[in-house]
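These are the residues of each chain, in order.
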Amino acid sequence: MKTISITPTELQKSAVQYLPQLLKMPIIAAQATLKHMTGRPGTRGRVVLGELDGDAEVGPYDPSRVDTADLTAKGRTLETYLGSVIKEFDPNSVWASVYGALTTQGEGLKDVNAAREVLSFLAAKLGKNLNKSIWNAVRNPNGTKTRDLFDGFDTITAAEISAGKISENKQNLFKFEEEITRDNAVDFLKQYYWASSDELQGQAVKMYIPFSVMHAYEECYQLTCGIVPYNNKYEKPILEGSNGLCELVPLSSKKGSQFLTLAPQSNLVYGYGDGLADEKISIEKYHAFFLQFVATMYFGVQFKTISPEMLNIGQLYKEATEGSEEGDGTVNGEWVDPSDQG
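None of these values were measured; they are calculated from a predicted model. (Residues numbered from 1 in each chain as written. Predicted model: local features only at pLDDT ≥ 70, side-chain atom pairs only at ≥ 80, totals over all residues. Heavy atoms only, no water.)

### Some thoughts on the packing of aromatic side chains
Stated precisely, the cut-off is as follows: Planes of paired rings set the category: under 30 degrees apart is stacked, over 60 is edge-to-face and the rest tilted, where pairs are Phe, Tyr or Trp rings (Trp by its six-membered ring) whose centres lie within 6.5 Å. Strands are runs of DSSP state E lasting at least 2 residues, helices are runs of H or I lasting at least 4, and numbering of each runs from the N terminus. With a 1.4 Å probe rolled over the protein chains alone, any residue whose accessible area is under 20% of its type maximum counts as buried; one over 50% counts as exposed, and the rest are partly exposed.
This model, assessed by the stated rule, comprises 11 aromatic pairs. Plain terms: the ring middles of phenylalanine 153 and phenylalanine 303 are 5.1 Å apart, the flat faces sit at 50° to each other, and that makes the pair tilted. Placement of the pair is phenylalanine 153 in helix H6 (residues 153-162) and phenylalanine 303 in strand E11 (residues 291-303), with a sequence separation of 150 residues. The pair phenylalanine 153 / phenylalanine 303 is uniform in exposure class, with both members buried. For the ring pair phenylalanine 174 and tyrosine 192, a centre distance of 5.7 Å and an interplane angle of 35° mean the geometry is tilted. Remark: tyrosine 192 occurs in helix H7 (residues 185-194) and phenylalanine 174 occurs in strand E5 (residues 173-175); sequence separation between them is 18 residues. Side by side, phenylalanine 174 and tyrosine 192 carry an identical accessibility label, which is buried.

Structure follows, in structure tokens:
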């Protein structure tokens, strides 16, 4: 088999040649979560996601009647932040990491293809960490991790609850009074869904949940509905009682989340640069043996609206126990914003 060596020159040339594809690689690598959301490419900094609000009705014919009620546009700000990474690496070690996936190409493998695979491998690592941070990221300008780059959906949710903009009174918050288990998951998720607005129930939506909740739901379904004729498979991607309109979406990125999120896919928006001038991926050499993988990219998330017609948050119950870990997010079994705990 042909011996392949990856040199800085090959990596640098490959970074330039495949720049558009490489800049998209982190987004592609995070598709396990992002495929259930709506992307907004070419977003730099702040952009307002508008929502029209108002009404219009046809009444009995009256040529003198004029509707003067206001038509307003509510806005929520999607902000993307420019993130960066400078990763020093040994090209031979990285090559060894991806080599196993390429051996089947045998002698047909070219040096330039190998260099591209190395760059794709590194770019995909950015996406893997991006995927883990979609919900729980907290913006920290002085941080060093992906979770410090932007505010994730759960962080935004917690802030809106603290501000009173997501609440039971506004009908966009549902509080679970017990922990979801394999004994009650079917009833609890149905109650949560049925507590949402009629407008939300009348359209295709997704319920974003941790895998632990999904496992509890499927186990509970088998225990309670195991003998019904239509129960012909274990997996249950659609919520019972939703008329086929609610897709259950378990996500590894939701692990440890205190919230379930019910919304149409269009309401969860992520912004990214998609090759804006400030974004780049390059290979630099400042050391005899090591190279530097240098990348910059924009990213941020936001709800298009938090109105009950488009969003309902399920706040999970977590019983407070003596000796529980600090920062578990609960006081006497109720979730509270850490900033309110003094």
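Once the structure has been displayed, the description carries forward.
### Digging into the pairing of strand E9 (residues 268-272)
The condition that has to hold: Strands qualify as paired when DSSP identifies two bridges or more between them.
Most of E9 is tucked away, with five of its five residues classed as buried. A two-sided burial pattern is seen for E9, the buried positions comprising Leu268, Tyr270 and Tyr272 on one face and Val269 and Gly271 on the other. Across four bridges, the pairing between strand E1 (residues 38-41) and E9 is parallel. By the bridge assignment for E9, threonine 38 is matched with valine 269. Across five bridges, E9 lies against E11 in antiparallel orientation. When the bridges of E11 are listed, valine 269 appears paired with glutamine 302.

### Re the sheet that holds E5
The condition that has to hold: Axis geometry follows a simple rule: fit a line to the C-alpha atoms, using only the stretch in contact for helices, then measure angles between N-to-C directions, giving values from 0 to 180 degrees. Any two residues whose heavy atoms approach within 4.5 Å are treated as being in contact.
An order of E5-E12-E8-E6-E7 is seen for the five strands of this open sheet, with the pairing classed as mixed. Across the chains shown, the open sheet's two edge strands, defined by having one partner strand only, are E5 and strand E7 (246-250). When the angles between neighbouring strand axes are averaged without regard to direction, this sheet yields 20°. Along the sheet face, helix H9 (residues 211-225) touches strand E6 (205-209), E7 and strand E8 (259-263) and points at about 125° away from the line of E7.

### Quick notes on the packing of H7 against H9
The criterion, for reference: Any angle from 65 to 115 degrees is called roughly perpendicular, while one under 35 is roughly parallel, one over 145 is roughly antiparallel, and all others are oblique.
It is at 7 Å that the axes of H7 and H9 come closest, and there the two elements cross at 115°. In terms of their interaxial angle, H7 and H9 are classed as roughly perpendicular. For the pair H7 and H9, the contacting residues are Ala185, Val186 and Leu189 in the first and Val213, Ala216, Tyr217, Cys220, Tyr221 and Thr224 in the second.

### Observations regarding H9
Note the following rule: Expected helix span is taken as 1.5 Å per residue step, with the number of steps being one fewer than the number of residues.
The end-to-end C-alpha separation of H9 is 20 Å, in line with the 21 Å expected for 15 residues at 1.5 Å each. All of the buried residues in H9 are Val213, Met214, Ala216, Tyr217, Glu218, Cys220, Tyr221 and Cys225. Buried-residue contacts for H9 involve H7, E6, E7 and E8.

### A short note on the pattern of salt bridges
Condition: Salt bridge, as applied in this entry: a Lys or Arg side-chain nitrogen positioned within 4 Å of an Asp or Glu carboxyl oxygen.
Using the criterion set out here, one finds five salt bridges in the structure. Close ionic contact of lysine 254 with aspartate 154 constitutes a salt bridge, the shortest N to O distance being 3.1 Å. Placement of the pair is lysine 254 in the loop between E7 and E8 and aspartate 154 in helix H6, with a sequence separation of 100 residues. Judged by its relative accessible area of 9%, aspartate 154 is buried.

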